[in-house]
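As a plain string of letters, each chain reads:
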Amino acid sequence: MVIANVSMNRTTPAALAPAEKFGKYFGIDFKRWQQKMFFYLATLSLQKFIKEDVPVLSDETRETERFLVIEAWKNSIFLCKNYILSGLKDASYNIYSGMETSKEQWTALEKKYKIEDSGLKKFVAAKFLDYKMVDNKNFIEGLVINEAFQVAAMIEKLPHLWKDFKNYLKHKHK
C-alpha cells in the first residue's frame, strides 16, 4: 500500500460502537468464531489490520506526517492484536501474544484451526455414518453431501482389517 499524500486535515469517521462481546474461542467451530471476530473488528474499524502490511510512504511525505501515520498504524495494530487475544482461551492467549502483528496472529490462527476443523468434520461424518435405520424412523432423501463428507464416508466404509490405514487417513491434514 502506497500513501502518496497524507493530509493532516483529513477527518476519519468515528468507529461504530462495538457489538456485544462474544465468547472466547475454545477450539470448536473456528470458522464461526473467526466470522464473529471479523465483524467485531469491523465495528471498531480495525478489520484491515488483519490483512494489510504497514503502509509504504512516498519520499515526498513530510517527516511529521510520516511519524503520525506510523504511530497511528502501530496503535491500531496494538488494539487489533489485543482484541483478537481477548477472544482466545488462556492457553491460546499465551501462544499468540508473542506475535508482532495482528496479521501474523490471524494467519497463524487460520493455519492451525482451519485444519483442525476439517479433521473434526471427518470424525463427525464417521459418527453419522454409524447411524442405524429402524422401521419407526424416517430417513431424509435427497441430501446434498459435500466432497469432504463423501471422502470421510469412503474411509469409514473400508473393511475392518484396514483399521490402521483408516486411522492414518483420518489424521491426515490434506
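Please refer to the structure placed before this passage.
Quick caveat: nothing in here was measured; it's all calculated off a predicted structure.

Calculation criteria
- Residues numbered from 1 in each chain as written.
- Predicted model: local features only at pLDDT ≥ 70, side-chain atom pairs only at ≥ 80, totals over all residues.
- Heavy atoms only, no water.
- Phe/Tyr/Trp six-rings, centres within 6.5 Å; stacked < 30°, edge-to-face > 60°.
- Buried < 20%, exposed > 50% of the residue type's maximum accessible area, 1.4 Å probe, protein only.
- Lys NZ or Arg CZ within 6 Å of the ring centre and 35° of its normal.
- Helix = DSSP H or I, 4+ residues; strand = E, 2+ residues; numbered from the N terminus.
- Salt bridge = Lys/Arg side-chain N within 4 Å of Asp/Glu carboxyl O.
- Arc of directions from axis to C-beta.
- Contact = heavy atoms within 4.5 Å.

Caption draft 1: A look at the packing of aromatic side chains. Overall, the coordinates contain 10 aromatic pairs when judged by the stated rule. Taking 5.5 Å as the distance between ring centres and 40° as the angle between the ring planes, the aromatic pair formed by Tyr25 and Trp33 counts as tilted. For the residue pair Tyr25 and Trp33, the accessibility class agrees, reading buried in each case. Here a set of aromatic residues connected by ring pairs shows up, and it is made of Tyr25, Phe30, Trp33, Trp106 and Tyr113. The ring of Tyr113 is capped by Lys112, whose NZ or CZ atom sits 5.4 Å from the centre of that ring.

Caption draft 2: Region of the structure containing the environment of Ala91. You can see Ala91 is positioned in helix α3 (residues 90-96). Sequence separation between Ala91 and Phe26 is 65 residues, and the spatial gap between their C-alpha atoms is 9.5 Å.

Caption draft 3: Region of interest: the pattern of salt bridges. Overall, the coordinates contain four salt bridges when judged by the stated rule. Residue Glu65 pairs with Arg62 through a salt bridge whose shortest N-O separation is 2.7 Å. Judged by its relative accessible area of 9%, Glu65 is buried.

Caption draft 4: Layout of helix α5 (residues 147-156). Among the residues of α5, Ala152, Ala153 and Ile155 are the ones counted as buried. Seen end-on, α5 carries its buried residues on one side only, within an arc spanning 160°. Residues of α5 that are exposed and angled more than 90 degrees away from the buried face: Glu147 and Met154.

Caption draft 5: Here's a closer look at the environment of Ile50. As for its position among the elements, Ile50 is in the loop between α1 (30-43) and β2 (56-57). The exposure class of Ile50 is buried, given its relative accessible area of 2%. For the pair Ile50 and Glu104, spaced 54 residues apart in the sequence, the C-alpha separation amounts to 7.6 Å. Aside from chain neighbours lying at most four places away, what touches Ile50 is Phe38, Leu41, Cys80, Ile84, Ser102, Lys103 and Trp106.

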